[in-house]
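Residues per chain, in single letters:
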Amino acid sequence: MRGEISNYKRHTSGHIYFSLKDEDGLIRAVMFRGRADRLRFVPQEGQAVLALGNVGVYEVSGQYQFYVDELEPSGKGALYQALEQMKAKLEAEGLFDQALKRPLPWLPRRVGVVTSPSGAVIQDIISVSRRRFPNCCLLLAPVAVQGDEAPGQVARAIADLNRVGRVEVIIIARGGGSLEELWAFNTEIVARAIRGSSAPVVSAVGHETDFTIADFVADWRAPTPSAAAERVWPERRELEGGLAACEMRLKQGLFGRLRLERSRLAALSASRVLTRPLERIQQWRQRLDDSLRRLEAGVGQRIAGRRAGFNLLIGRLEGLSPLSALARGYSFCTRASDGFLVKSWDQVWPGEAVKVKLARGGLDCRVDTVWPEASPKKGGARDAQKRT
């Protein structure tokens, strides 16, 4: 029976209730849990479907009812519809995000393989791995790669390899086939197991033109199982060639450094510092003695120059000293009352007491007469101007 889904409802019991309608009529339909759990897609309201089953009467209401055994989308197949729905769901959750992709290790110590133990796939992986890297280590987790049991086995194998296998990379592989045969790798349980793996996962399911959800979730997608082995294992001959080139460059660098150090050692061995070390020390001692002599001579000259300048200053100070003038016969006079130095006739009064300082001792005197400029002639004291 072909029609559009209307009044779709999935009961808590797992049964599906809906109506099938077209432009001419409508009939109620039911799909019991045992059949509904096998659906590859989620029916949608208004979706055109093809239903296989039989017509019966529901005794409670006395209405005809269509008991559905199989249901698939009209036009596109059920598997294709389910695949598109699963892709949309997982992509919305971010499981396909490129930021989650992890790099593969350059030279893994152990690689896990999830595939069927029989068939050409495992043999291809072993052959390519041994050819590229003869001492490779592969750990096989045998599983069914199609059928109802396959998704659970693949998911458990991934978890087991992460838990007890101590692998660094996991390859999930199987040969080509139809959409139905590859369906195990389009299931949600396998997709989440791949994303939950602690080791990076390489998906090698089907041929180059086959794409599965496992390809979108995996860290790296290989077009074939052989290509997966080539991607995981480096070419040993290339590694050996690279190591040989590195060894050559290392030897050349070491030999060049040895030649340089030998030439430096020869130059040092021929130097007088090493052949006659005491001579160098004696030369430095002699230089030190010469420096001390020059220092002593320079300091002596500097002191002599300073002493001469000092003596000259002393002479100048002695020339300016009033004591020197006194020694030459001069004297100076001060008022007895306040010690004021008398320099002019008008700074004292007749009869005022003064003190006269001589080179040796001094005189206490009293002023008799003062005169402005020159001293009066002998006997002419009477003629001097008297200050009254």
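Summarised in this report is the structure supplied together with it. Remember, predicted model here, so these are calculated numbers, not experimental data.

1. Section: a nonpolar patch on the surface
For step 1, the next point in the chain: Together, Leu288, Leu292, Leu295, Val299 and Ile303 line one region of the surface with nonpolar side chains, adding up to about 450 Å² of accessible area.
For step 2, the next point in the chain: Along the polypeptide, Ile303 turns up in helix H10 (residues 277–320).
For step 3, the next point in the chain: Looking at Ile303, the relative accessible area reads 43%, which means it is partly exposed.

2. Points about unusual backbone geometry
For step 1, the next point in the chain: The phi dihedral of Asn7 is positive, around 55°, even though this residue is not glycine.
For step 2, the next point in the chain: With respect to the helices, strands and loops of the structure, Asn7 is situated in strand E1 (residues 2–10).

3. Description of the sheet that holds strand E10 (residues 220–221)
For step 1, the next point in the chain: Read from one edge of the open sheet, five strands run E7-E6-E8-E9-E10, paired in parallel fashion. Edge positions in the sheet fall to strand E7 (138–142) and E10, since each has one partner strand and no second.
For step 2, the next point in the chain: Sheet topology note: the strand E6 (residues 111–115)/E7 ladder contains five bridges and is parallel. Among the inter-strand pairings, Thr115 is bridged to a residue of E7, identified as Pro142.
For step 3, the next point in the chain: Against the sheet, helix H4 (residues 150–165) makes contact with E6, E7 and strand E8 (169–174), and its axis sits at roughly 165° relative to E6, the strand it touches most.

4. Some points on the sheet that holds strand E5 (residues 63–73)
For step 1, the next point in the chain: Pairing within the closed barrel is mixed, and its five strands lie in the order E1-E2-E3-E5-E4. For this sheet, the mean inter-axis angle between neighbouring strands, taken without regard to orientation, is 45°.
For step 2, the next point in the chain: Summarising the sheet, E1 and strand E2 (residues 16–21) pair through five bridges and their orientation is antiparallel. Bridge assignment links Lys9 to a residue of E2, and that residue is Tyr17.

5. Brief notes about the state of the cysteines
For step 1, the next point in the chain: Using the criterion set out here, one finds zero disulfides in the structure.
For step 2, the next point in the chain: Cys136 supplies the cysteine sulfur nearest to Cys137, a cysteine that is in no disulfide, at a spacing of 7.7 Å.
For step 3, the next point in the chain: Judged by its relative accessible area of 29%, Cys137 falls in the partly exposed class.
For step 4, the next point in the chain: Here Cys365 is not cross-linked by a disulfide; its sulfur's nearest cysteine counterpart is in Cys333, at 7.4 Å.

About the cut-offs
Residues numbered from 1 in each chain as written. Predicted model: local features only at pLDDT ≥ 70, side-chain atom pairs only at ≥ 80, totals over all residues. Heavy atoms only, no water. Patch = residues over 30% accessible without salt bridge, like charges linked within 9 Å, V, L, I, M, F, W, Y side chains within 5 Å. Areas by Shrake-Rupley, 256 points an atom, 1.4 Å probe, with all protein chains shown as cover. Salt bridge = Lys/Arg side-chain N within 4 Å of Asp/Glu carboxyl O. Helix = DSSP H or I, 4+ residues; strand = E, 2+ residues; numbered from the N terminus. Buried < 20%, exposed > 50% of the residue type's maximum accessible area, 1.4 Å probe, protein only. Pairing = 2+ DSSP bridges. Contact = heavy atoms within 4.5 Å. Axes fitted to C-alpha atoms, helices over the stretch in contact; angles between N-to-C directions. Disulfide = S-S within 2.5 Å.

All we've got here are geometric facts, nothing functional implied.
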